[in-house]
2 protein chains.
Amino acid sequence: MAFLSDSWHTLPMYTKPFAGILAAVTLVSFSAARQSRVASHDPSYTAGGELRLPENYREWVYLSSGFDMSYNPAINMDQHAFDNVFVDPEAYQSFRKTGTWPDKTMFVLEVRPAESRGSINKAGQFQGTSVAGLEVHIKDESRFAGKWAFFGFGDSKTAKMIPTSAACYSCHAQHAAVDTTFVQFYPTLLPIATGKGTLSPSYLKETTPPVESKDPPAKTR
Amino acid sequence: MAFLSDSWHTLPMYTKPFAGILAAVTLVSFSAARQSRVASHDPSYTAGGELRLPENYREWVYLSSGFDMSYNPAINMDQHAFDNVFVDPEAYQSFRKTGTWPDKTMFVLEVRPAESRGSINKAGQFQGTSVAGLEVHIKDESRFAGKWAFFGFGDSKTAKMIPTSAACYSCHAQHAAVDTTFVQFYPTLLPIATGKGTLSPSYLKETTPPVESKDPPAKTR
């Protein structure tokens, strides 16, 4: 059983466990609350329909990092890795108010190989200077039939949409806490979604402990 | 041998290995390039000289995360933990231009216990919703004799300065890559500092491989 998207196979082995964890959006219809900014966070596509990588994503709002995360227990990680998730600032501010994502929300998932020896560090892992994988999850309601789409970037600054037959779409739809995004792994957002009642029914069902039977235990003799 | 600051002893055991990794600044003399923003990034002190926690630090620029990092090889980690480092946006933009930190730079180091089982995750670790430690490293040249100071926050929103006798000061002074800050662990900043020639002499000395002797090996018989 694989949750890995098709495009993911072009990335190094140790980035594969991270497939499907991210989701992304940029907001255009949020002009009232908009600040003057150096860079726009609106999504940009080529004439051929490829998404342009938002180059300043490291200045967006950080949501969380994972270490060697995998949805597949059998994966052997010869190379440890971090995944970092960023969301565009307008979408983040909208989520704080509403507990869910506006149109044009954009997430970036960045995978970096871990390093253990460097400078004065004697234990644990830190993030290296290379980027092993980069994916975008974007909500663009008028463009995508399912509202959201995934794009996997290699060395290019533009990327084709990952086909909706890829497992990342069904996995996010079935297991994500809020609007196909894995808010359950974003520690500052999960309490907001919980408070505003925007957690998805499927997520609530997965996380609710089974109710114990009130019937008395059957007598064995 | 301990690199741990005095105030650090008030934090849970598993946060202690992270002491001394952070450094922080907020910029006031950068008005020319200033954007209109909801929140100020200037440092704020109480009348008694305590630093107020910058409450919106999660909207600052993310620098990196570590996992179980320690400068002490003997530490036993019963609880895995992440450390996340953020820097105020004006200082970040200044660093991109100059390779070093302006006055009023502020870093926040946030420690979060790691979780391994939750939702669909089957391996690796993700960040939990609790915060186990919070420290600020701030550059305020007119206020601190050594230009920089550390503050450790417990449950309070204000913190006393960590005394300069604490090991975090000497460790940062001796081993940090740029201006007492651990840029060697910030993957997007290390290439900038390298390119601009702002790496500290002590860091360059530590990271330069020893030159092999050109003398022929001594004959053993």
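Provided above is the structure to which this section pertains.
Residues numbered from 1 in each chain as written. Chains lettered and ligands numbered in written order. Predicted model: local features only at pLDDT ≥ 70, side-chain atom pairs only at ≥ 80, totals over all residues. Heavy atoms only, no water.

Visitor: Honestly, helix H1 (residues 89–98) of chain B in this entry has me stumped. Any pointers?
Guide: Along an α-helix, residues three or four positions apart point the same way, because every turn accommodates 3.6 residues. Residue and element names in this part refer to chain B. All of the buried residues in H1 are Pro89, Glu90, Ala91, Tyr92, Ser94 and Phe95. Turning to H1, the residues buried within the fold contact strand S2 (61–70), strand S3 (81–87) and helix H3 (190–196). Two residues or fewer past H1, glycine 99 is found with a positive phi of approximately 80 degrees. (Buried < 20%, exposed > 50% of the residue type's maximum accessible area, 1.4 Å probe, protein only. Helix = DSSP H or I, 4+ residues; strand = E, 2+ residues; numbered from the N terminus. Contact = heavy atoms within 4.5 Å.)

Visitor: What exactly am I supposed to notice about the nonpolar core here?
Guide: Among the nonpolar cores identified, the biggest contains 44 residues, and Ile138 and Phe151 of chain A together with Ile138 and Phe151 of chain B are the most heavily contacted of them. Going through the elements one at a time, strand S4 (106–115), strand S6 (133–139), strand S7 (148–153) and helix H2 (167–175) of chain A together with strand S4 (106–115), strand S6 (133–139), strand S7 (148–153) and helix H2 (167–175) of chain B are the ones with two or more residues in this core. (Core = buried A, V, L, I, M, F, W, Y, C linked by side-chain atoms within 4.5 Å.)

Visitor: For this particular structure, what's the right way to read the pattern of salt bridges?
Guide: Two side chains bearing opposite charge may form a pair once their charged atoms approach each other closely. All names here are of chain A. Per the counting criterion, the structure on display carries 16 salt bridges over all chains. Here lysine 139 makes a salt bridge to glutamate 141, at a shortest N to O gap of 3.8 Å. You can call lysine 139 buried: its relative accessible area is 6%. It is possible to trace a salt-bridge network through shared partners that takes in Arg58, Glu110 and Arg112. (Salt bridge = Lys/Arg side-chain N within 4 Å of Asp/Glu carboxyl O.)

Visitor: Before we go on, may I ask you to explain the packing of aromatic side chains in this structure?
Guide: Any two aromatic rings considered together are summarised by their centre-to-centre distance and by the angle between their planes. Applying the stated rule across the entire model yields 28 aromatic pairs over all chains. Aromatic pair phenylalanine 107 of chain A and tyrosine 186 of chain A: ring centres 6.1 Å apart, planes at 25 degrees, arrangement stacked. Of the two residues, phenylalanine 107 of chain A is situated in strand S4 and tyrosine 186 of chain A in the loop between H2 and helix H3 (190–196); the sequence distance between them amounts to 79 residues. Each residue in the set Tyr57, Tyr62 and Phe86 of chain A together with Tyr57, Tyr62 and Phe86 of chain B is aromatic and connected to the rest through ring pairs, giving one cluster. The ring of tyrosine 45 of chain A is capped by arginine 143 of chain A, whose NZ or CZ atom sits 3.5 Å from the centre of that ring. (Phe/Tyr/Trp six-rings, centres within 6.5 Å; stacked < 30°, edge-to-face > 60°. Lys NZ or Arg CZ within 6 Å of the ring centre and 35° of its normal.)

Visitor: Would you mind showing me how to read the interface of chain B and chain A here?
Guide: Frequently, the measure chosen for interface size is the accessible area removed from exposure when the parts meet. Across the contact, 48 residues belong to chain B and 48 residues belong to chain A. At the boundary of chain B with chain A, total buried surface from both sides reaches about 3800 Å², with 59% on carbon and sulfur atoms. Area buried by chain B at its contact with chain A is led by Arg58, Tyr62 and Ile120 of chain B, which between them contribute 19% of it. At the junction of chain B and chain A, the tally comes to 2 salt bridges. When the shortest N-O distance is used, the salt bridge between arginine 96 of chain B and glutamate 59 of chain A registers 2.6 Å. Joining chain B to chain A, the criterion identifies 18 residue pairs in polar contact (both at pLDDT 80 or more). Sorting elements by how many residues they give to the side of chain B that touches chain A places S2 of chain B first, with 10 residues. Its residues assigned to classes, the side of chain B that touches chain A comprises 20 nonpolar, 20 polar and 8 charged. Inspection of the sheet shows strand S2 (residues 61–70) of chain A paired to strand S5 (residues 123–127) of chain B by 3 bridges, in the antiparallel sense. Looking at S5 of chain B, one finds that glycine 66 of chain A is bridged to phenylalanine 126 of chain B. (Buried area = accessible area lost by both parts, 1.4 Å probe. Polar contact = N/O pair within 3.5 Å; in protein donor to acceptor, adjacent residues only side chain to side chain. Nonpolar A, V, L, I, M, F, W, Y, C, P; charged D, E, K, R; others polar. Pairing = 2+ DSSP bridges.)

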